[in-house]
Amino acid sequence: MIQGKAIKFGRNVDTDQIIGAHHLSRPSIRDMAPFTFENTPRFVEHFAEGDIIVAEDNFGCGSSREQAPAVLKLRGIGAIVARSFARIFFRNAINLGIPLIECPEADKIDHLEMLEIDDDRIRCLKTGKGYDIIPLPLFIRSILVDGGIIAHLQRKETDTQRDVNLSRR
């Protein structure tokens with residue numbers, strides 16, 4: 001279960017808004033992270049580790065750069081809820097282990113609303129309102145549970161090696 005306050009955005013939030021291209025020359029994601037959404041006062045003023053970005057359609061559009069979800073992960077984003085995601089951003093974020101939640105009614109969630117998210121529903125803690133989510137496929141959920149694609153592949157390799165060792169006994 002994920003809990004945090006909603007930091008609200010509209011539609012077509014692009015990767016340049018998440019981390020400006022002029023910061024890409026910094027030596028590391030750690031050096032870029034302080035500039036996440038630097039031109040978005042509601043993020044700069046209200047974001048705390050564990051909070052949840054809530055957006056409308058096409059979150060993460062623009063370039064395919066992995067730095068955008070990487071700075072969000074490093075900042076400690078709890079999840080991103082949107083009506084839809086740009087395809088390449090979606091895959092990059094899942095690969096990094098960032099929970100992405102598609103919710104057809106994400107636009108109805110208020111800025112700074114305290115949220116609780118489980119496998120199939122978002123609940124606003126103050127009002128009690130609930131919103132259905134579109135469940136992720138099982139293989140994507142397993143990547144998220146493992147903490148991203150690298151950890152997932154390492155776990156699978158370890159499981160496979162253990163099975164091979166067991167079969168040799």
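Owing to the predicted nature of the structure, the values given are computational and were not obtained by experimental measurement.

S.K.: Give a description of the overall build of the protein that names residues and reports values.
M.R.: For the protein, the helix and strand inventory stands at seven helices and seven strands. Against the globule reference of 15 Å for 169 residues, the protein gives a C-alpha radius of gyration of 17 Å, in line with a compact fold. For the C-alpha atoms alone, the extent of the protein along its principal axes is close to 60 × 45 × 25 Å. Taking all 169 residues of the protein together, the buried fraction comes to 41%. Counted over contacts in the protein with a minimum sequence separation of 6, partners at least 24 positions apart contribute 67%. As displayed, the protein offers around 9,200 Å² of accessible surface, 50% of which is attributable to carbon and sulfur atoms. Side chains of the protein carry 23 positive and 24 negative charges; the gap between the two charge centres is 3 Å.

S.K.: Describe the nonpolar core, with residues and values.
M.R.: Counting 32 residues, the largest nonpolar core has Phe59, Ile80 and Phe89 as the members making the most contacts within it. At the level of secondary structure, the elements contributing two or more residues to this core comprise strand S2 (52-55), helix H4 (67-75), strand S3 (79-82), helix H5 (87-96) and helix H6 (138-146). Counting residues per element, this core draws most heavily on H5, at four residues. Look past the residues within four positions of Phe59 in its chain and what remains in contact with it is Val13, Ile18, Phe37, Ile53, Ile80, Ala82, Ser84, Phe85, Ala86 and Phe89. Of all hydrophobic cores here, the second largest spans 15 residues; its members include Ile52, Val54, Ala79 and Cys103.

Criteria and thresholds
- Residues numbered from 1 in each chain as written.
- Predicted model: local features only at pLDDT ≥ 70, side-chain atom pairs only at ≥ 80, totals over all residues.
- Heavy atoms only, no water.
- Helix = DSSP H or I, 4+ residues; strand = E, 2+ residues; numbered from the N terminus.
- Rg over C-alpha atoms; globule rule 2.2 N^0.38 Å.
- Buried < 20%, exposed > 50% of the residue type's maximum accessible area, 1.4 Å probe, protein only.
- Contact = heavy atoms within 4.5 Å.
- Areas by Shrake-Rupley, 256 points an atom, 1.4 Å probe, with all protein chains shown as cover.
- Lys, Arg positive; Asp, Glu negative; His and termini not counted.
- Charge placed at Lys NZ, Arg CZ, Asp CG, Glu CD.
- Core = buried A, V, L, I, M, F, W, Y, C linked by side-chain atoms within 4.5 Å.

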